[in-house]
Amino acid sequence: MMIMSALFGGLCFCLNSETWRAHCVKDECIKLTRWLTVRYQRSIMEGRHFSLTIAGGGILTSQVLLTWYNPLVKESFVVENCFLARLGVYSLARYNPLYRTLSPGMTLMITKDKRSRPWGKLVLPVKGVPRFEWFSH
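Keep in mind the model is a prediction, meaning the values are calculated, not measured.

1. Looking at the overall build of the protein chain
Tallying secondary structure elements over the protein chain gives two helices and 10 strands in all. Buried residues in the protein chain amount to 36% of all 137 residues. Taking all contacts inside the protein chain whose residues are at least 6 apart in sequence as the whole, residues at least 24 apart take part in 51%. If you sum the accessible surface of the protein chain, you get close to 8,500 Å²; carbon and sulfur atoms cover 62% of it.

Dropping the structure here:
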């Protein structure tokens, strides 16, 4: 019984550690990158425009809102383990499937709170697909 409780205690300690949290954040950001890439590809295949809404101006957010046009449909991706910070003011970015461009392009910093250093970034370039970069810690 003592061995089992020691193993369970060690497991709980590992799950609560900063390394484990960073690993969960990285996995979640990879899922967000895939989610956005699939939306880009779907937009091209269906010829539908969409807009992304992400808070900015130093505001931390945990949600990416996507609005499809013709017909109007809204989707969202909720980030649970970290926050996304965008430089600049609150605005929309629109994706045009004909030219395969996002205007304006943006970079989302991945952070655990306002004061900590970013763990990585998600780049949504003007031309191309989303790209995730993880900083070494």
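2. Brief notes about the pattern of salt bridges
Tallied over the entire structure, the rule returns six salt bridges. A salt bridge links E75 to R39; the shortest N-O distance between them is 2.8 Å. Here R39 lies in helix α2 (residues 18-46) and E75 lies in strand β4 (residues 73-78), a separation of 36 residues in the sequence. E75 sits in the buried class, given a relative accessible area of 18%. We note a salt bridge from R42 to E75, for which the minimum N-O separation is 3.3 Å. On the criterion of sequence distance, the pair formed by R42 in helix α2 and E75 in strand β4 is long-range, its members being 33 residues apart.

3. Observations concerning the packing of aromatic side chains
Applying the stated criterion to the full structure yields seven aromatic pairs. Between the aromatic rings of Y40 and Y95, the centroid separation amounts to 4.4 Å while the plane-to-plane angle is 40°, which identifies the pairing as tilted. With Y40 in helix α2 and Y95 in strand β6 (residues 91-96), this pair connects stretches of sequence that are 55 residues apart. For Y40, a relative accessible area of 1% gives the class buried. Relative to Y95, the ring of F50 has its centre 5.1 Å away and its plane inclined at 15°; by these criteria the two rings are stacked. With a gap of 45 residues between them, F50 in strand β1 (residues 50-54) and Y95 in strand β6 connect regions that are remote in the sequence. Judged by relative accessible area, which is 3%, Y95 ranks as buried.

4. What about the sheet that holds strand β8 (residues 106-111)?
Spatially, β2-β5-β8-β9-β10 is the arrangement adopted by the five strands of the open sheet, whose pairing is antiparallel. Both edges of this open sheet fall to β2 (60-61) and β10 (131-134), since each of them pairs with a single strand only. Bridge analysis of strand β5 (residues 83-86) against β8 gives four bridges, and the strand direction is antiparallel. Looking across to β8, one finds that L84 is bridged to I110. On top of the sheet, α2 reaches β5, β8, β9 (120-124) and β10; it is set at about 165° to β10, its chief contact.

5. Quick notes on α2
For α2, built from 29 residues, the straight-helix expectation of 42 Å at 1.5 Å per residue is met to within 8% by its first-to-last C-alpha distance of 42 Å. Those residues of α2 that sit buried are A22, V25, E28, C29, L32, T33, W35, L36, T37, R39, Y40 and S43. Looking one or two places after α2, you find G47, whose phi comes out positive at around 65°.

Here is what the cut-offs are and how they apply
- Residues numbered from 1 in each chain as written.
- Predicted model: local features only at pLDDT ≥ 70, side-chain atom pairs only at ≥ 80, totals over all residues.
- Heavy atoms only, no water.
- Helix = DSSP H or I, 4+ residues; strand = E, 2+ residues; numbered from the N terminus.
- Buried < 20%, exposed > 50% of the residue type's maximum accessible area, 1.4 Å probe, protein only.
- Contact = heavy atoms within 4.5 Å.
- Areas by Shrake-Rupley, 256 points an atom, 1.4 Å probe, with all protein chains shown as cover.
- Salt bridge = Lys/Arg side-chain N within 4 Å of Asp/Glu carboxyl O.
- Phe/Tyr/Trp six-rings, centres within 6.5 Å; stacked < 30°, edge-to-face > 60°.
- Pairing = 2+ DSSP bridges.
- Axes fitted to C-alpha atoms, helices over the stretch in contact; angles between N-to-C directions.
- Expected span 1.5 Å × (residues − 1).

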